[in-house]
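A look at the structure
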Amino acid sequence: DSDVTVGTAPGSGTGVKAYTSGRIDIQKTGGTNSNNLLVIKNGDSSEVTKITGSGAATFAGDTTIGAYNGSATDKAGVLFGAGGGVYSQIAAASGATGVLFQGMHGSTMTSRIQASGAATFAGDVVVGANTGGSHTADAASCWIDATDGYWSFKEDGATTNHLQFYKYNTATPVAKIT
């Protein structure tokens, strides 16, 4: 067995080299970085994988990194679903503080979700129909202001309590704000 080169050996020009070790090198000179470098098709000639000269990649199906398995407790990985979902999993043994998701803006953490479900956000948190970034929204919403520290709860057209405080493990509120 020996290595196989088609075209010019990568590093010297356009070509493909398959090594007996299993490695494959591909190089395309000329054209633009948006030109396809590698295209993989299935039996009906549909493209299932495409990698361009710039390194951009497109996959027709789910893409798994690591050993993601939502039914297992000892697996860790990420699944990018072809339908748009992103699923992150760390092994149960990693503990509650393990990071499932962390968003960064430059070198600043802006959001983090841990395995326990605890979430940290650097900015305001909005739940519901309040999309205007204001605690005076007319629609049902909950808005927590990260700068001033105030909370706003509003039920659309409500005549009932907007905020109720409960003592731990009781069903009766100890305070109400209407």
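Below or above, wherever it landed, is the structure these notes cover.

**Structural notes on the pattern of salt bridges**
- Within the structure shown, the criterion is met by two salt bridges.
- Between Arg23 and Asp25 there is a salt bridge, and its shortest N-O distance comes to 2.8 Å.
- Judged by relative accessible area, which is 49%, Arg23 ranks as partly exposed.
- Judged by relative accessible area, which is 17%, Asp25 ranks as buried.

**Thoughts on the packing of aromatic side chains**
- Within the structure shown, the criterion is met by one aromatic pair.
- Judged by centre distance (6.4 Å) and plane angle (45°), the rings of Tyr68 and Tyr87 are tilted. Residue Tyr68 is located in the loop between β7 (63–66) and β8 (77–80), and its partner Tyr87 is located in strand β9 (residues 86–89); the two are separated by 19 residues in the primary sequence.
- Taking the relative accessible area as the measure of exposure, Tyr87 reaches 41% and is therefore partly exposed.

**A word on the sheet that holds β8**
- The three strands are arranged β7-β8-β9 in an open sheet whose pairing can be described as antiparallel. Two strands bound the open sheet, and with one partner strand each, they are β7 and β9. On average, each strand axis in the sheet is inclined to that of its neighbour by 10°, with strand direction left out of account.
- When β7 meets β8, the two strands line up antiparallel, connected through four bridges. In the sheet register, Gly66 faces β8, and the bridge partner there is Gly77.

**A look at unusual backbone geometry**
- Unlike most non-glycine residues, Ser45 shows phi in positive territory, near 70°.
- Relative to the assigned elements, Ser45 resides in the loop between β4 (36–41) and β5 (47–52).

**Brief notes about the pairing of strand β2 (residues 15–18)**
- Note: strand β1 (residues 4–7) against β2, four bridges, orientation antiparallel. When the bridges of β2 are listed, Thr5 appears paired with Lys17.
- Hairpin connection of β2 to strand β3 (residues 24–27): five residues between the antiparallel strands, including Gly22 at a positive phi of 105°.

**As for a nonpolar patch on the surface**
- On the surface, a cluster of nonpolar side chains totalling about 460 Å² of accessible area is made up of Val4, Val6, Val16, Ile24, Ile26 and Leu37.
- Broken down by secondary-structure element, the contributors of at least two residues to the nonpolar patch are β1 and β3.
- Along the polypeptide, Val16 turns up in strand β2.
- Taking relative accessible area as the criterion, Val16 reaches 32% and is therefore assigned partly exposed.

Rules of the game
- Residues numbered from 1 in each chain as written.
- Predicted model: local features only at pLDDT ≥ 70, side-chain atom pairs only at ≥ 80, totals over all residues.
- Heavy atoms only, no water.
- Salt bridge = Lys/Arg side-chain N within 4 Å of Asp/Glu carboxyl O.
- Buried < 20%, exposed > 50% of the residue type's maximum accessible area, 1.4 Å probe, protein only.
- Phe/Tyr/Trp six-rings, centres within 6.5 Å; stacked < 30°, edge-to-face > 60°.
- Helix = DSSP H or I, 4+ residues; strand = E, 2+ residues; numbered from the N terminus.
- Pairing = 2+ DSSP bridges.
- Axes fitted to C-alpha atoms, helices over the stretch in contact; angles between N-to-C directions.
- Patch = residues over 30% accessible without salt bridge, like charges linked within 9 Å, V, L, I, M, F, W, Y side chains within 5 Å.
- Areas by Shrake-Rupley, 256 points an atom, 1.4 Å probe, with all protein chains shown as cover.

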